[in-house]
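Structural characterization, general
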Amino acid sequence: MAITPKKEGAESSVLQDKPTPAAAEKGDHDRIVMASRRADGSMDQTHPEFIGDKDVAIAAAKEQLGQQAASAVDVAARGVASTPEGAGSSEPDPDVKALKDAQDKAIESAESQAEREVRNLHQGLGD
């Protein structure tokens, strides 16, 4: 808890136990190794600054966004008809193949986003 000392002529000192959004915008930022994500894939930190090993941060962000993107494709595709057990041919199901292709494309895009974010916001090893 931060306390600003009482100044001469002031009625009370200023107690700041809950930073305001304005305070966060004036220089507060989060130092992170791996981002927390909102449902849309955007980072849920205030002016994030990646610290630690850059390659590890890139790998973690790629994995995180890739899994989130693949999951989003799955959620969007729910309701795709499936065939009963034992029915069908040995050929890949076109619906499943299309879903897999969409997931792969979403993962590739998410990994690219992750790498850009870490490269733009990485600040070194935090030493």
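We now turn to the structure provided with this report. Per chain, residue numbering runs from 1 following the sequence as it is written. Thresholds applied to this predicted model are a pLDDT of at least 70 for local features of residues and 80 or more for the giving and counting of side-chain atom pairs; totals over whole chains, interfaces and linings are not thresholded and use all residues. Side-chain measures were taken over the full set of non-hydrogen atoms in the model, leaving aside hydrogen atoms and water.

Let us look at unusual backbone geometry. With phi around 40°, His 47 is a residue other than glycine that occupies positive phi space. Relative to the assigned elements, His 47 resides in the loop between β3 (31-32) and β4 (49-50). Note on conventions: DSSP H or I runs of at least 4 residues are helices, E runs of at least 2 residues are strands, and numbering of each starts at the N terminus.

Salt bridges are defined by distance alone: a side-chain nitrogen of Lys or Arg within 4 Å of a carboxyl oxygen of Asp or Glu. Under the defined criterion, the tally for this structure stands at 7 salt bridges. Residue Arg 38 pairs with Asp 44 through a salt bridge whose shortest N-O separation is 3.4 Å. Relative accessibility decides the category of a residue: with a 1.4 Å probe and only protein chains considered, values under 20% of the type maximum give buried, values over 50% give exposed, and everything between is partly exposed. Residue Asp 44 is classed as partly exposed on the basis of its relative accessible area, which comes to 44%. Lys 100 serves as the salt-bridge partner of Asp 104, at 2.8 Å between the closest nitrogen and oxygen. Of the two residues, Asp 104 and Lys 100 are both situated in helix α3 (residues 94-121); the distance of 4 residues between them amounts to about one turn of the helix. Assessed through its relative accessible area of 35%, Asp 104 is described here as partly exposed. Owing to a relative accessible area of 44%, Lys 100 belongs among the partly exposed residues under this scheme. Each of the salt bridges in this network shares a partner with another, and the network as a whole consists of Lys 62, Glu 115 and Arg 119.

Here we take up the side chain of Gln 64. Tracing the backbone through its elements, the reader meets Gln 64 in helix α2 (residues 54-77). For Gln 64, a relative accessible area of 17% gives the class buried. If sequence neighbours within four positions are ignored, Gln 64 has contacts with Met 34, Ala 35, Ser 36 and Arg 37. Throughout, a residue-residue contact means that at least one pair of heavy atoms, one from each residue, lies within 4.5 Å.

Multiplying 1.5 Å by the helix residue count minus one yields the expected span of that helix. Taking 1.5 Å of rise per residue, 28 residues should cover 40 Å, and α3 covers 40 Å from first to last C-alpha, within 8% of that figure. Those residues of α3 that sit buried are Gln 103, Ala 106, Ala 110, Ala 114, Glu 117 and Val 118. Tucked into the core, α3 has its buried residues touching β4 and α2.

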